[in-house]
Each structure stands twice: as C-alpha cells, then as structure tokens.
Amino acid sequence: MISITSRCGERTPPRARRPIPVCLALLALLLGLLLALPGAAQARALPDEDGYALWLRYLPVQQVAPLRAVSAAVAAPAATPTQVVARDELRRGLEGLSGRRPAAVDGVPRDGVVVLGTPASSPLVAALDLDLAGIGEEGYLVRSVRIGGRAATVIAANSDIGVLYGVFHFLRLAQTGQPLAALDVTQAPKVKVRVLNHWDNLDRYVERGYAGESIWDWHRLPDWLDPRYTDYARANASIGINGTVLNNVNTSALALTPMYLDKTAALASVFRPYGIKVYLSARFSAPIEIGGLPTADPLDPAVRRWWKDKVDEIYRTIPDFGGFLIKANSEGQPGPQDYGRSHADGANMMAQAFAPHGGIVMWRAFVYSHEEPDDRHKQAYTEFVPHDGAFEPNVLVQVKNGAIDFQPREPFHPLFGAMPGTPLMMEFQITKEYLGFATHLAYLAPMYEEVLRADTHARGPGSTVAKVVDGSLDGHALTGMAGVANIGVDRNWSGSHFDQANWYAYGRMAWDPYAGSADIARDWVRMTFSTDPAVVEPVVGMMMGSREAVVDYMTPLGLHHLMGRGHHYGPGPWVEGGPRADWTSVYYHRADARGIGFDRSAGGSNAVAQYAPPVAAQFGNLETVPEEFLLWFHHVPWDHRMASGNTLWDELVLRYGRGVDEVRGMRATWAGLEGRIDPARHHQVAVFLGIQEKEAQWWRDASIAYFQTFAKRPLPAGQAAPPHSLEYYKSLQFPFAPGDGK
Ligand code: GCV
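First, a word on what this report is: a plain description of the structure on this page.

By convention here, two paired aromatic rings are described through the distance between centres and the angle between planes. Following the criterion strictly, the structure yields 46 aromatic pairs and no others. Centre to centre, the rings of Phe321 and Phe354 are 6.3 Å apart; their planes meet at 20°, and the pair counts as stacked. Here Phe354 lies in helix 11 (residues 343–354) and Phe321 lies in the loop between helix 10 (301–317) and strand 12 (323–326), a separation of 33 residues in the sequence. Here Phe321 falls in the buried class, since its relative accessible area comes to 2%. Chaining the aromatic ring pairs together yields one cluster made of Tyr52, Trp55, Trp216, Tyr229, Tyr232, Phe271, Trp493, Trp503 and Tyr504. Positioned above the aromatic ring of Tyr368 is the side chain of Arg376, whose terminal nitrogen or guanidinium carbon lies 3.7 Å from the ring centre. Of note, Lys400 hangs over the ring of Phe366, and the distance from its end group to the ring centre comes to 3.2 Å.

Turning our attention to the side chain of Thr176. In this fold, Thr176 is placed in the loop between helix 6 (160–175) and strand 8 (184–187). At 2.7 Å, the side chain of Thr176 forms a polar contact with the backbone oxygen of Arg172. Of the polar contacts made by the side chain of Thr176, one reaches the backbone oxygen of Leu173; its length is 3.4 Å. The residues touching Thr176, leaving out its near neighbours within four places in the chain, are Asp523, Arg526, Met527 and Thr531.

So, on to helix 17 (residues 533–554). With 22 residues, helix 17 should reach 32 Å at 1.5 Å per residue; the first-to-last C-alpha distance of 32 Å fits that figure. Taken as a whole, helix 17 carries its principal kink of about 35° at Ser546. Two or three places before Ala534, at the opening of helix 17, Asp532 has a side-chain oxygen 2.8 Å from that residue's backbone nitrogen.

The next thing to look at is the pattern of salt bridges. Tallying each qualifying case throughout the model produces 46 salt bridges. Residue Arg194 is joined to Glu138 by a salt bridge in which the shortest nitrogen-to-oxygen separation is 2.9 Å. Of this pair, Arg194 sits in strand 9 (residues 193–197) while Glu138 sits in the loop between helix 5 (123–128) and strand 6 (140–147), placing them 56 residues apart in sequence. This pair shows no difference in class: Arg194 is buried, exactly as Glu138 is. The closest approach of N and O atoms between Glu450 and Arg409, which form a salt bridge, is 2.9 Å. Placement of the pair is Glu450 in helix 13 (residues 445–453) and Arg409 in the loop between strand 14 (395–400) and strand 15 (424–429), with a sequence separation of 41 residues. A relative accessible area of 26% places Glu450 in the partly exposed class. In this structure Arg409 comes out as buried when scored by relative accessible area, which is 7%.

Residues that lie three or four places apart on an α-helix share one face, since the helix turns once every 3.6 residues. An ideal rise of 1.5 Å per residue puts 26 Å on 18 residues; helix 4 (residues 81–98) measures up with 25 Å between its terminal C-alpha atoms. Every buried residue of helix 4 is listed here: Thr82, Gln83, Val85, Ala86, Glu89, Leu90, Arg91, Gly93, Leu94, Gly96, Leu97 and Ser98. Tucked inside the fold, the buried residues of helix 4 contact helix 3 (64–70), strand 3 (73–75), strand 4 (103–104), strand 5 (113–117), helix 6 and helix 7 (227–238). Positive phi shows up at Gly99, right after helix 4, with a value of about 75°.

This part covers unusual backbone geometry. Residue Leu221 is joined to Pro222 through a cis peptide bond whose omega torsion reads 5°. On the secondary structure map, Pro222 appears in the loop between strand 9 and helix 7. Phi at Lys712 takes a positive value of approximately 50°, unusual for a residue other than glycine. Position of Lys712 relative to the elements: it lies in the loop between helix 22 (679–711) and helix 23 (726–731).

To continue, consider the sheet that holds strand 8. Taken together, the six strands give an open sheet; going across it, the order is 4-3-5-7-6-8, and neighbouring strands pair in mixed fashion. Since the sheet does not close on itself, it has two edges, and those belong to strand 4 and strand 8, each with one partner. The pairing of strand 3 with strand 5 spans three bridges and is classified as parallel. The residue bridging Ala75 from the neighbouring strand is Val115, located in strand 5.

Inspection of the region around the ligand gives 15 residues, with Glu207, Lys327, Arg364, Lys400 and Glu433 positioned closest. Asn250 has a polar side-chain atom sitting 3.2 Å from an oxygen atom of the ligand. Within the side chain of Glu433, one N or O atom sits 2.5 Å away from an oxygen atom of the ligand. Bound to the protein, the ligand loses 96% of the 330 Å² it would expose on its own.

Attention shifts here to the environment of Pro301. Positionally, Pro301 belongs in helix 10. Sequence spacing of Pro301 and Val142 is 159 residues, and the spatial spacing of their C-alpha atoms is 52 Å.

Another point: the side chain of Gln175. Turning to its location among the elements, Gln175 is positioned in helix 6. A residue is classified by how much of its surface remains accessible, and Gln175, at 8% relative accessible area, is buried. Within the local environment of Gln175, its side chain forms a polar contact with the backbone oxygen of Trp55, the two atoms lying 2.7 Å apart. In this structure Gln175 touches Trp55, Leu56, Arg57, Tyr58, Leu97, Arg526, Met527 and Thr531, once residues within four positions along its chain are discounted.

The subject of this paragraph is the sheet that holds strand 12. Ordered by their spatial adjacency, eight strands build a closed barrel running 9-10-11-12-13-14-15-16, and the pairing between neighbours is parallel. Strand-to-strand twist across the sheet, computed as the mean angle between neighbouring axes with direction ignored, equals 25°. Bridge analysis of strand 12 against strand 13 (residues 360–364) gives four bridges, and the strand direction is parallel. Across the sheet, Gly323 pairs through a bridge with Ile360, a residue of strand 13. The sheet strands contacting helix 11 are strand 12, strand 13 and strand 14, and the helix crosses strand 13 at an angle near 160°.

Where helix 17 meets helix 22, the axes come as close as 9 Å, and the angle between the chain directions of the two elements is 30°. In terms of axis orientation, helix 17 runs roughly parallel to helix 22. Touching Met542, Val550, Tyr553 and Met554 of helix 17 are Leu689, Gln692, Ala696, Trp699 and Arg700, all from helix 22. The class makeup of the residues in the contact of helix 17 with helix 22 is seven nonpolar, one polar and one charged.

Reading the values: rules and limits
- Residues numbered from 1 in each chain as written.
- Predicted model: local features only at pLDDT ≥ 70, side-chain atom pairs only at ≥ 80, totals over all residues.
- Heavy atoms only, no water.
- Phe/Tyr/Trp six-rings, centres within 6.5 Å; stacked < 30°, edge-to-face > 60°.
- Helix = DSSP H or I, 4+ residues; strand = E, 2+ residues; numbered from the N terminus.
- Buried < 20%, exposed > 50% of the residue type's maximum accessible area, 1.4 Å probe, protein only.
- Lys NZ or Arg CZ within 6 Å of the ring centre and 35° of its normal.
- Polar contact = N/O pair within 3.5 Å; in protein donor to acceptor, adjacent residues only side chain to side chain.
- Contact = heavy atoms within 4.5 Å.
- Expected span 1.5 Å × (residues − 1).
- Bend = angle between axes of the 7 residues up to and from the residue.
- Salt bridge = Lys/Arg side-chain N within 4 Å of Asp/Glu carboxyl O.
- Pairing = 2+ DSSP bridges.
- Near = heavy atom within 4 Å.
- Areas by Shrake-Rupley, 256 points an atom, 1.4 Å probe, with all protein chains shown as cover.
- Axes fitted to C-alpha atoms, helices over the stretch in contact; angles between N-to-C directions.
- Parallel < 35°, antiparallel > 145°, perpendicular 65-115°, else oblique.
- Nonpolar A, V, L, I, M, F, W, Y, C, P; charged D, E, K, R; others polar.

Purely geometric stuff here, so don't read any function into it on its own.
Structure below.
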C-alpha cells in the first residue's frame, strides 16, 4: 500500500488519520509562537490598498453562504449601454463579494436569480406587474419575490438608469453585510439635478483642489479616453450623482470653442451609460472673447443671437448636454451688471437659448462686490430677492450653504426660504478649502446635515432648508444640489482616504437630503475599510466628531474667515489691508479691547433682518443666539458669561484646546486599529492625523497669541501659553500652498 507523508513527517496509511489532529495542534502551537514573534504582524497583514477602488472594493464578505443563496445567477437585458453596464456591474460586484461569478441566464431556472430590468426591457419584470408609478424616471425597487415558485430578487425601474441605481443599492446592501433574503426597498431621488462642480481649469490646475491635477486630460481628449473616466462615472452613479460641471466657474471662454466642445462630447459619451450629463461653466463675456462682438449686454439682440447659436451648436455636438453654470459679477467675473442689467436678465437670456433643448442654467448667487460697502453677508440677498419670480422656469439659482464662503460652520444662507418664486439649489463644498485641505480628517456630512435640517421658518415652523432644496416647501419641480468636487489625479482620487467619504456622503445627501450623516458614515466605513464592528464603530465615532474638532481649533463660537491670505492655508487672524476689506480677517472678527465678533444684529449691520422673524429674533439677541453662532452675529465683551459659566475669553481658549484634544483622540483611536486595516492606508491616515494634530496646535497657538493682544487677559488655569511669539506666527509664509486661485 502506498503511504503518504503527513505534515508531521509520520508515515501514515491514507485512512489512518488519527495522528493528524495531534500534529495539527502542534503545528498550530508552532504557528502561534511564530506569530507572537516581532514582525509577525507583517505576516498577518491585510494586503495593501491604494484607495483607487473607493467604496466599490467588492472584497469577499464574511458570510458568503447567504449572499450566494440569493445571487447564483443574473437575468438581465443587455440591449443598451446602460443595461450592459448594470448587468456587468452586478456580476462584477457579486463575483468579488461571493467569490463566484453568477451565471447569466434568461429566465429563473432555479432559486437565487437576480432579475434586472424595466417592464419594457424584461419580460420577467413585466410579468411581475410591479407598481412603479411613484418612483419616477430614476427610482427603483429592490424586492425579494417568487417567480415560477422560485426565490428571486428583482431590481426594477422605469428606466435603465433606475435599474443601474438599484444594482448599486443591492450591492451596497451586500457590501455592508445586510440581510438579503427578504428585501423590500423603494427608492426615488428627492432632488432632480445632482451635480459635481469641478473647479478645474483647462490647463489641469484645480482651484481649491488638493488631490493633484484635474482628471480631465484635455490635451489628449477627445481621442484618449482614460479608463479613469469610466471609474469616475461608476463611482458617481453608485451614489446617484447624475451630472458633472467639468470646468471651473472662473472659466476661460475657450471652454465653449468647437475644440473643447469635441473634447466635452467625448467625456459625455463615457458618462452617458451611467446617467451622468455633462454641463459647462460659461464665461459671461464669451460673446466678446470668442464671438468677436463688442458687447456681452444680455439685452443686445446680437448677443442673444450669439448665445442661442452657441447653445444650438452645443446640442448638435452633445444631444443630451445638461446646461450652463454661471458665476457672474462675483469676484471680478464679468456679468450682466457690467451693462446695468440684473442677474435675471443675464440668466434668462441663456435660459431661453436652452429651453428648446431641455437644458438648464444654474446661476450662482455667490456674489459680492468690493464697491458695495455693506456687510458681505447681506449682498446676495440684496441682489437676488428683488428678482424672485422673475427667472425663467429652467433657471436654478445656486446658493452656497452659508452667506460667506464654506466656512467650517456658517448659519444657513438667508436666501433659503426668501425666494418662494424661484427654485434654489444648494451648493456645498466637498473639497476642504477652509477645513484643512486634504490632510485634515473632517467628515463634512454632519455639516451638510446641520444646514439641511436648519429651520428657515419662512413658511412657519418646519420650513427646513431641505424642503427648500427638494422643492416641497414652495412646490418647485426643478430642484438641485451641487458639490464642489475634491477629485484629482491622485491615486486615491481625493488626496486622502477619508476625503472620499465627503464625496460619497455628498452624493447620498443629494439623493436624499433627509439622510443621516452617521448612517452614511457607517455604510462608507463598511465598504471602504471593513465590516468588522471593532473598526466600524470607532471610525464612525472619529468621523462624526471630526468637523466639530476643526470648528474648535480654527473658528470656534462663530468666528469665521480667519485663514491665511489667498491660499487659505493655516491661521491668519491678523490678515488686514490689501485690495478689499472683505478679503481680510479683521473685517470678520473685529476684535478690540472691548471684545470680539461681527455685530450683525439690529444695532450692527442688521444682516439678521434677512432671516424670517423668528430666526432673526433668535440670532439677533445675545441671550438667545446659539453659542456656535455667537461671534457670527454679535460683538461680545471678553468677560461675557457663557453657558458654561466661563468668560468668553476663557471659553474661547478652552474651545481651541478642545479641538486639539479631539484630534489627539482621533490619532489614538486610529493607532489602535493597526492590523485591522491594510498597512498602506493605515499608515497614510496615521501620518495625516499627525500633520493634523500639529496644524491644529498651530491654529490654536497662533490664534490665542493674536487675540490675547486684544483681550489682555491671562489664559485659564492649566492652558499652555503659545510656544512662539505672535511675530513668529505672522512671519510664516507658504508661497506654494496648493489650490490657490490663479
Ligand atoms: C472658484 C471662494 C474661493 C474661490 C472660488 C469662489 C467661488 O472665494 O476662494 O477660489 O472661486 O469662492 O465660489 O466662486
């Protein structure tokens, strides 16, 4: 009889296996000893990841059997590009997650088939006679059903793109370890236009970009279609984003020339199967710069003709083009006011050119002028409210979440609720111009959530910003949300692993402005790092506290706009002088011997009067203003008593310190996760958290050193004095800090 050699080296007949458990036990012991030696962690380490896969990693799930039970095969039409994409994404995802590629089938020959389609594209879906009436063009159902007595999962919609969204939802459930056997999901987006705004120049420089150059390789377009464009589209479709504005709002008119329209058309062809329309920022003076006209006056017939012809030309090149995004009469950009015309005149001229094609105009309300001495906070409201109801129906007025500029915390913009006759879309910033660039960990969804849930009281209590944005407050069908993208050519797309979460959360909240930031964080962590609760809970905890930490160490208690000049990197509360007062810090904090803060109450600039009366009353009164907005709305004496019992000065110092402590806590939490996250990503995040701690400390020290020159009070007990002089902090220069406008 042939004998085999066991791993213990014993000569054992094939059936006589008794000694093996003993020998395995010895082996296990040996292995255990080996693993306990230094360097053993390396041997166990998870494979390195570079972050390119984002939240679509599709790695094997822990509980494979339940997933395999519901996903043995896929029955899907493949007659259109979107159908192919939906079917392939599902098979790719399931193969990665379950370790088995599901077969493609035509019917339901066995249990565990995932059926995709619309009633028109799939006879199986048609036969189910599902109620798809309420889900619109982009909604979907994901439901566990029986077909011919067999268990199946149907992903059904009224359109191919709805099916694709449903596929991504189903995959998310699988990725996050949710039960899949009794599904009954109905989803429809609450917002119609869900776009990214790229502040990408045609030379690939990204204004306020911290993730490398622009991913749009304009020079090699239209011929070279970087595969990354497809992955970009997949990622966006997976979170419901349905449009992208390719170029910076501070744009060159060249973006509208035939050469660039061909390049844009090439990108549109990649994005189309994923339901993503392309939009362009248009320069208001383009009729002069590329049209050879002497004027860009929106009431001039030749100018109107030029825009109409240009828009017609665009639609000949890109039949499903989305529309224009316009920054006009803001920060030096040309606009209708250059000709004594209003924003409505400018927007309507363009909107009329788009109307026959079904396109839209997103007209930004981020306007302020250095010729206008009034509080910058008030200028957008002053310029836009008189034109409420005067915009064409295909115009969305795009409003930043707050009235100044994407600060770590701002009260909601007073335009929300103040223009019932005009659809207002939200503009959030995903890139972290004012929240630590790509190195600081700041999960922004709690900030988005805070603004969306804010009550404008415009039509009585419960008139939340979310209701303005989703159109339900004033009955608008055209609705939108924009997110200023944080994407670049960095391998991990966003410059840091955690900044991917802000892109992800933005998409989820554009789809559903009522979604909860913690739930979204939990999904993201499970998909991006691990489903292990020992990872998920601490990381979600870090994320949820992270934005508040930034508020504390940069701009506590309603302070704002205190960063370095131009590049916006690091503290610069001393910034003064220069071309315009509202580009300085002293304009905003107004610190003096008496106290600190911008008086926007009735006794000051009276910006509070732009809010509905209950909000104006709350913000305008020192006794009732929420402390997080105290110095936003009031100039407050240094010895003012805070809710904590501390004086304002002491509280300010303590808040700065609290922010630094929070970052220290995040570092410690992250350090404790070593071994549970792949070394490459763990290491980069750990190093970035180290940078964040250093910079948080710098913000705290520099700010305290500066404000103490006004407060002239000692630091509260136990608070360390800044280690350097104010002159030292002021002397620091960062000539090549990334992302500055140019
Ligand atoms: C694209 C701020 C930023 C600018 C940006 C501008 C805007 O001022 O610093 O870089 O320009 O906002 O939103 O238009």
